[in-house]
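A closer look at the structure
The chain contents come next:
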Amino acid sequence: MSLRSNHSHNLILPNPDVVHACRFPALPRRTRTRLVRKDDCNSPERFRTDMTNHALAGSLDPPSNEQPTIRSLRQILRMGPSQQHARLDRFFDGMTETDRPDLYHCFIQMNHRCHAVLEPLLADHRAFAAVAGANRRKDLLRELDVDMRRMALSPLEAIAYPLRQIGLPEAAGIAYVLDGSRLGARFIHRDFMARDLAREWPDISTAYLEAAAIADGFREQMVDLSATIVSTRHRARALAAASAAFTLFETAIAVLPSASRQGIVAS
């Protein structure tokens, strides 16, 4: 899960006009989530039911003053919690413009922790592979492992994804967060090259950014998933799963040493 530079700052990343999907999934105001609590993890079914009901409570249709249209799954997952976006954006604001790579280290640690939790949920998911095509996406956890090792970064403490039963809607929501964030990572990679940060920060590793910069089938994947996940409840489940994944990233950031100084504090 974006960052912009001085020109536009967004976490796992930028340019909402070009790549809105790279933002963490957007949710209706009524589906805004808090950080994962222990009680949620102990009652995953209750958590999924609550999150799905919240998603259903929010309108999945366009405002009444617009012409009726059928929204794609990607459009539904794009609706979002502006306050959470703002906190995450503020945390990584100016990441590529500082003299030290500290924020970049946090960016890699956050992605490493969340990918380690979420990627295994998609790895052997037959229904997801059948619809989205396993050959269209690549697990980038290995590249994050390389970055962590080369920069001698300590893994963040373990955090749990609150949903245990991952059906196709949940897999779609998780993939939206992971694969959509790579679109933003490509902009970060371009900024790194433009600013020649490999020279400015000689000890950094960019294996994840380099891998994310390679074009994938994200758009086609979301089109296929949208054509398969069509019912309101199934789309609400995908929205709830994306929200939970988004919250996982926020939780990862909250445990970073500098999180409290940036206004991101676990509740």
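Residues numbered from 1 in each chain as written. Predicted model: local features only at pLDDT ≥ 70, side-chain atom pairs only at ≥ 80, totals over all residues. Heavy atoms only, no water.

1. A look at the pattern of salt bridges
When the charged atoms of two side chains lie near each other, side chains of opposite charge can form a pair. Summed over all chains, the structure comprises twelve salt bridges. Of the charged contacts, one joins R195 and D191 as a salt bridge, the two residues approaching to 3.1 Å between their closest N and O atoms. Exposure remark for R195: the relative accessible area of 29% places this residue in the partly exposed category. Judged by its relative accessible area of 16%, D191 is buried. Note that R199 is salt-bridged to E200, the shortest N-O span being 3.2 Å. Several salt bridges converge on common partners, so that one network encompasses E119, R137, D179 and R182. (Salt bridge = Lys/Arg side-chain N within 4 Å of Asp/Glu carboxyl O. Buried < 20%, exposed > 50% of the residue type's maximum accessible area, 1.4 Å probe, protein only.)

2. As for the environment of F246
When you line up the elements, F246 lands in helix α13 (residues 232–254). Judged by relative accessible area, which is 1%, F246 ranks as buried. (Helix = DSSP H or I, 4+ residues; strand = E, 2+ residues; numbered from the N terminus.)

3. Quick word on the environment of V131
On the secondary structure map, V131 appears in helix α7 (residues 126–133). Taking C-alpha positions, V131 is 9.9 Å from I229, a pair spaced 98 residues apart along the chain. What V131 contacts, discounting residues up to four positions off in sequence, is L168, D224, L225 and T228. (Contact = heavy atoms within 4.5 Å.)

4. Section: the nonpolar core
Formed by 63 residues in total, the largest nonpolar core has its most connected members in Y104, F107 and Y161. Residue contributions to this core peak at twelve residues, all from helix α9 (residues 168–194). Residue contacts for Y161: discarding those within four places in its chain leaves V117, L118, L121, I166, I174, A241, A244, A245 and L248. (Core = buried A, V, L, I, M, F, W, Y, C linked by side-chain atoms within 4.5 Å.)

5. Notes on the confidence of the model for the chain
This prediction gives the chain a mean pLDDT of 75; 66% of its residues lie at or above 70. For the chain, the element scoring lowest by mean pLDDT is helix α1 (residues 16–19), at 32; helix α8 (residues 141–150) scores highest, at 97. Below pLDDT 50 for its whole length, residues 2–41 participates in 158 contacts with residues either more than four positions away or in separate chains. Scored below 50 in pLDDT, residues 61–69 makes six contacts in the model with residues more than four places away or belonging to other chains. (pLDDT = per-residue confidence, 0-100.)

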